[in-house]
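Listed here are the chains, written in short residue letters.
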Amino acid sequence: MSKSLQAIRGMNDILPEQTPLWRYFEGTVARLLDNYGYKQIRMPIVEFTELFKRSIGEVTDIVEKEMYTFEDRNGDSLTLRPEGTAACVRAVLEHGLTGAGQPQKLWYIGPMFRHERPQKGRYRQFHQIGLEVFNIDGPDIDAELIVLTWRLWGLLGIRDAVKLELNSLGTSESRGRYKVALVEYLSAHLDKLDEDSQRRLKTNPLRVLDTKNADTQAVLVNAPKMADYLDDESRIHFEGLKARLEAAGIPFEINTKLVRGLDYYSKTVFEWVTDKLGAQGTVCAGGRYDGLVEQMGGKPTTGVGFAMGIERLILLLETLEKVPEEISRQVDVYLCAFGEAAELAALALSEKVRDQLPNLRLQVNAGAGSFKSQFKKADKSGALYALILGDDELAQQVIGFKPLRGQGEQQNIAFDALAAHLATCVVQG
Ligand code: ATP
Ligand code: MG
């Protein structure tokens, strides 16, 4: 195929054989968030470039080198969203959702775009489910965000494969004091830092903590620790969070090097990581961003949130073989009809059955075909039962009912009794 007719590298089709797992995952999360009282918000995929520069920060990987930015026909600079928080804050401000200190618990789902090097678990179009909470400033809500993800891992059967890492970045003042100490220390060891870290030391020194370079990591062993610079308010907040996680029985590890990529975090930051996916091990990440709304032109409004990467969680479910068997079966009953008269009767009958059993997954054969070919399609559909309607059955106003997966004998069922009979043998979702 010519290159222009192929998908863009790092942007994937999600094929019919994969969508059941996506829908299972998305449905599980949506139900969970409903139950915890979160409301869904949907934002556009494209925003003014300025929004991301202002919120994410100019000297971050995303803004420096990962954004899909283009000029539209009006000459405006637009960007495909690389993450959801900026647009969510923009929407909240634009519609006054947090006016007068009103709390909001929001979530969103959708594609994000970053020009990164595509590899397993890292794509250029990927999907996130994100949560953002506004105007609730205590550690109780930080804990709730973590507790509900822990419940999600339980529902998905992956608790054993993920681990919670936690840190506090303090307020911007305490972080400022820490930065000074860190820069002073690292400057004294400048020659031992890798090139990236030397550059970051000037632009975004906390990001040096995040380095993968072994020599720089060795220098960091004796570097000043953020925990020693925490202000009282942040320390009490952090203690409150830890106490709640302990009360909920959620194991965690403090990782003092956890800083997160974006500029806007304060106090709590956390990541759920797995060692089952190689280098792309973070499946969910977030934290508190109390200064962001104000930085974006709103009234002081606290915020805390996270985003999980759907592709990585899908990969994890597949790797751990935690894909529930029943989700791949999408048809309960397959109806085969032979001849024009039978087809007409089958249409009327199947619509009547759908009226009575709205959740039944009933596939009616389309495209006619011999007995053999329709039966083959019935079997391939994964259906549990086939219904068979030919001239003989039609004359008697009955339909043949045939178990396809070895549960009992074939029998004839009167048209009138069909819905009631199906209700007894098909578990309906
Ligand atoms: P990483 O360190 O892996 O690049 P990040 O810190 O850039 O992650 P966030 O901006 O916090 O990631 O996004 C939240 C989550 O979204 C990540 O933990 C990950 O699961 C997922 N994610 C981020 N970038 C990608 C990507 N390019 N492809 C697939 N998933 C991604
Ligand atoms: Mg990244």
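Residues numbered from 1 in each chain as written. Chains lettered and ligands numbered in written order. Predicted model: local features only at pLDDT ≥ 70, side-chain atom pairs only at ≥ 80, totals over all residues. Heavy atoms only, no water.

1. A closer look at the site of ligand 1
Okay, step 1: Near ligand 1 you find 15 residues, and of these Arg-114, Glu-116, Arg-122, Arg-260 and Thr-282 are the closest.
Okay, step 2: Note that an oxygen atom of ligand 1 is positioned 2.7 Å from one of the side-chain N or O atoms of Arg-114.
Okay, step 3: Between Arg-122 and ligand 1, the recorded distance is 2.8 Å, taken from a side-chain N or O atom to an oxygen atom.
Okay, step 4: A total of 580 Å² of accessible area belongs to ligand 1 in isolation, and the protein chains cover 85% of it. (Near = heavy atom within 4 Å. Polar contact = N/O pair within 3.5 Å; in protein donor to acceptor, adjacent residues only side chain to side chain. Areas by Shrake-Rupley, 256 points an atom, 1.4 Å probe, with all protein chains shown as cover.)

2. Overview of the packing of aromatic side chains
Okay, step 1: Throughout the structure, instances matching the rule amount to 8 aromatic pairs.
Okay, step 2: Between Trp-153 and Trp-272, the ring centres sit 5.8 Å apart and the planes meet at 80 degrees, which makes this aromatic pair edge-to-face. One end of the pair, Trp-153, is in helix α5 (residues 139–156); the other, Trp-272, is in strand β9 (residues 266–274), with 119 residues separating them in the sequence.
Okay, step 3: Each member of the aromatic cluster is reached from another via a ring pair, and the members are Trp-150, Trp-153 and Trp-272. (Phe/Tyr/Trp six-rings, centres within 6.5 Å; stacked < 30°, edge-to-face > 60°. Helix = DSSP H or I, 4+ residues; strand = E, 2+ residues; numbered from the N terminus.)

3. Things to note about the sheet that holds strand β2 (residues 46–48)
Okay, step 1: Pairing is antiparallel across the open sheet formed by 3 strands, whose spatial order is β2-β4-β3. Of all strands in the sheet, those with a lone pairing partner are β2 and β3 (68–71), marking the two edges. Averaged over all pairs of adjacent strands, the angle between strand axes in this sheet comes to 35 degrees, irrespective of strand direction.
Okay, step 2: Note that β3 and strand β4 (residues 77–80) share 4 bridges and pair antiparallel. Across the sheet, the residue bridging to Tyr-68 is Leu-80, located in β4. (Pairing = 2+ DSSP bridges. Axes fitted to C-alpha atoms, helices over the stretch in contact; angles between N-to-C directions.)

4. Focus on the packing of helix α1 (residues 19–35) against helix α11 (residues 310–319)
The axes of two packed helices give the description: the angle between them and the distance between them.
Okay, step 1: At a minimum axis distance of 11 Å, the contact between α1 and α11 shows a crossing angle of 110 degrees. If you check the angle between α1 and α11, you find them roughly perpendicular. Regarding α1 and α11, the two cross each other, and that crossing is right-handed. On α11, the residues that touch Leu-21, Trp-22, Tyr-24, Phe-25 and Glu-26 of α1 are Ile-310, Glu-311, Leu-313, Ile-314, Leu-317 and Glu-318.
Okay, step 2: Across the contact of α1 with α11, the residue classes break down as 8 nonpolar, no polar and 3 charged. (Parallel < 35°, antiparallel > 145°, perpendicular 65-115°, else oblique. Left-handed = near helix turned anticlockwise from the far one by under 90°. Contact = heavy atoms within 4.5 Å. Nonpolar A, V, L, I, M, F, W, Y, C, P; charged D, E, K, R; others polar.)

5. Re the side chain of Thr-79
Okay, step 1: Turning to its location among the elements, Thr-79 is positioned in strand β4.
Okay, step 2: The buried category is assigned to Thr-79, whose relative accessible area is 0%.
Okay, step 3: At a separation of 2.8 Å, a polar atom in the side chain of Thr-79 contacts the side chain of Thr-69.
Okay, step 4: When near neighbours in sequence (up to four residues on either side) are disregarded, Thr-79 contacts Ile-45, Val-46, Glu-47, Thr-49, Phe-52, Met-67, Tyr-68 and Thr-69. (Buried < 20%, exposed > 50% of the residue type's maximum accessible area, 1.4 Å probe, protein only.)

6. Some points on the pairing of strand β7 (residues 162–168)
Okay, step 1: Within β7, 6 of the 7 residues are buried, which leaves the element mostly enclosed by the surrounding structure.
Okay, step 2: The pairing of β7 with β9 spans 7 bridges and is classified as antiparallel. If you follow Asn-167 over to β9, its bridge partner there is Val-269.
Okay, step 3: Looking at chain direction, β7 and strand β8 (residues 253–254) are connected through 2 bridges and run parallel. Within β8, the residue paired with Glu-165 across the bridge is Glu-253.

7. Quick look at the packing of helix α2 (residues 49–56) against helix α4 (residues 85–94)
Okay, step 1: Contact pair α2 / α4: the axes reach a minimum separation of 9 Å and the direction vectors enclose 105 degrees. In terms of orientation, α2 lies roughly perpendicular with respect to α4. Residues Leu-51, Phe-52 and Ser-55 of α2 form the contact with α4, whose own contacting residues are Ala-86, Ala-87 and Arg-90.
Okay, step 2: Among the residues forming the contact of α2 with α4, the class breakdown is 4 nonpolar, 1 polar and 1 charged.

8. Remarks on unusual backbone geometry
Okay, step 1: Even without a glycine there, the phi angle at Asn-135 is positive, about 65 degrees.
Okay, step 2: Tracing the sequence through the fold places Asn-135 in the loop between β6 (125–134) and α5.
Okay, step 3: One non-glycine residue, Lys-267, adopts positive backbone phi at about 50 degrees.
Okay, step 4: Note on placement: Lys-267 falls in strand β9.
Okay, step 5: By relative accessible area, Lys-267 is classed as buried at 6%.

That is the geometry; function is a separate question.
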